[in-house]
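Fold and contact review
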Amino acid sequence: MAVGSRDYYDALGVSRDASNEEIRTAYRRLARQNHPDVNKDPAADDRFKEVSEAYEVLRDEEKRRAYDRYGENWKAAGAGPGGPGGGGAPRGGGGPEGFEGFDGFSGGFGGAVGEGDLGDIFESLFGGGRASPGTGRRRRGAGDGFSLRGGDHEATIDLTLEEAFRGGSRKFRLSDGRDYDVTIPPGVREGQRIRLAGEGAPGVGGGPAGDLLLRVHLLPHPRFRLEGRDVLVDLPVAPWEAALGATVPVMLLDGGTARVKVKGGSSSGTRLRLKGEGWPDGRDRRGDLYAIVKIMVPKKLSRQERKLYQELAEASDFDPRAQS
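Residue indices follow the written sequence of each chain, beginning from 1 at its first position. In keeping with the model being predicted, local features are shown solely for residues with a pLDDT of at least 70 and side-chain atom pairs are shown and tallied solely at 80 or more, while totals for entire chains, interfaces and linings include all residues. Note that the side-chain values use all heavy atoms of the structure and ignore hydrogens as well as water.

**A word on the nonpolar core**
In a soluble, globular protein the nonpolar side chains are often hidden away together inside. Residues belong to one nonpolar core when they are buried, are Ala, Val, Leu, Ile, Met, Phe, Trp, Tyr or Cys, and are joined through side-chain atoms within 4.5 Å. Only protein chains enter the accessibility calculation, which uses a 1.4 Å probe; a residue whose area is less than 20% of its type maximum is buried, one above 50% is exposed, and one in between is partly exposed. Leu159, Val182, Leu214, Leu235, Val250 and Leu289 are the most contacted members of the largest nonpolar core, which has 37 residues in total. In what follows, a contact means two residues having at least one pair of non-hydrogen atoms within 4.5 Å. Not counting residues within four places of it along the chain, the set of residues in contact with leucine 159 comprises Ala164, Arg170, Ile184, Val188, Val216, His217, Leu218 and Leu219. Judged by nonpolar contacts, the second largest core, of 20 residues, contains Ala18, Tyr27, Leu30 and Ala54.

Below, the structure written as structure tokens:
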């Protein structure tokens with residue numbers, strides 16, 4: 001093979017008696033996996049050329065018969081341009097369906113391409129509604145040219161929990177200095193992507209530009225944390241508040257406060273639920289907020305406080321380590 005020494009059947013992962021449909025299915029799968037505009041592995045381009053060359057031969061009955069009979073020397077068995085080896089291997093890196101100039105996306109359609117074959121292949125690989133990142137589409141008309149949608153670019157946008165919770169507009173700057181006004185949906189989550197249409201790589205041959213995809217990274221917060229759609233916040237309470245019970249304020253993520261009732265006898269880790277005060281889901285619904293009791297002890301005791309704690313220790317038979 002022009003791009004390697006592997007057997008054509010091995011390159012596509014099919015048996016020597018595979019049907020045309022099996023060969024076509026294998027090619028579609030491998031082309032999708034290894035297309036250099038989808039797979040950024042440096043070796044993907046060679047694998048793509050290899051499977052494309054194999055498919056170009058095995059899909060053609062005459063070429064396949066010559067290959068099955070003569071192996072790697074199948075081209076030499078042809079009687080000129082009209083023979084089984086006529087025309088040689090696909091040009092331009094062995095694009096699918098005999099497409100010429102595929103590497104640079106600069107050529108037209110070679111004569112080996114059946115009407116609609118290339119469009120069918122690309123639509124099945126990358127979707128029919130519009131070209132996916134880096135995929136080609138036919139332009140019918142003068143010259144039967146080729147257009148290419150630009151690839152998508154991706155960057156990370158760091159958001160505080162408050163920014164992600166509220167949503168809204170903020171400035172974002174790429175490493176190359178380009179600035180954008182980004183609209184942040186309320187309740188955006190870690191790993192979600194915000195799409196800026198048309199801000200990716202430019203298209204080729206009149207094709208549309210790709211998109212800029214901003215992957216959300218939520219910065220750690222000193223007080224709040226997320227658990228699904230629920231917001232967790234520590235609720236510091238004094239030992240006597242936990243023992244006797246109290247109504248205390250709790251901070252909310254939107255900057256406000258609410259009041260919760262701590263029952264007498266509460267221990268650290270007790271969860272107090274505030275329904276509907278959690279993370280928004282983008283559909284006018286919110287999770288819950290859980291205030292988690294955290295008993296705090298004074299770092300320094302006054303003489304009176306120390307005396308009272310000593311009296312409590314002498315009067316109480318409570319053993320926290322004996323609790324189940």
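**Details of helix α2 (residues 20-34)**
Since the α-helix packs 3.6 residues into each turn, any two residues three or four apart lie on the same face. Numbered from the N terminus, helices here are DSSP runs of H or I no shorter than four residues, and strands are runs of E no shorter than two. A helix is expected to span 1.5 Å for every residue after the first. If you check α2, its first and last C-alpha atoms are 21 Å apart, about what 15 residues at 1.5 Å a residue would give, namely 21 Å. Ile23, Arg24, Ala26, Tyr27, Leu30, Ala31 and Asn34 are the residues of α2 that are buried. Along the axis of α2, the buried positions cluster into a sector of 165 degrees, meaning they face one direction only. Starting at the helix axis, one direction is taken to each C-beta atom, and the arc is that of these directions.

**With respect to the sheet that holds strand β6 (residues 193-196)**
Two strands pair if DSSP finds at least two bridges between them. The strand order across the open sheet formed by 3 strands is β3-β7-β6, and the pairing between neighbours is mixed. The sheet is open, and its two borders are formed by β3 (153-159) and β6, each paired with just one other strand. Neighbour-to-neighbour, the strand axes of the sheet open up by a mean angle of 30 degrees, direction not taken into account. Examined bridge by bridge, β3 and strand β7 (residues 212-218) share 7 bridges and lie parallel to one another. Looking across to β7, one finds that threonine 156 is bridged to arginine 215. Throughout, an axis means a line fitted to C-alpha atoms (over the contacting stretch in the case of helices), and angles, computed between N-to-C directions, take values from 0 to 180 degrees.

**With respect to the environment of leucine 218**
In this fold, leucine 218 is placed in strand β7. The class for leucine 218 is buried, based on a relative accessible area of 11%. Taking the C-alpha atoms as reference points, leucine 218 and leucine 161, 57 residues apart in sequence, are found 6.3 Å from one another. When neighbours within four sequence positions are excluded, leucine 218 is seen to be in contact with Leu159, Leu161, Ala164, Val188, Arg189, Glu190 and Leu226.

**Focus: the pairing of strand β8 (residues 224-227)**
Relative to strand β9 (residues 230-237), β8 runs antiparallel, the two sharing 4 bridges. Residue pairing across strands places leucine 226 opposite valine 231, the latter belonging to β9. Between β8 and β9, which pair antiparallel in sequence order, lie 2 residues; one of them, glycine 228, sits at a positive phi of approximately 70 degrees.

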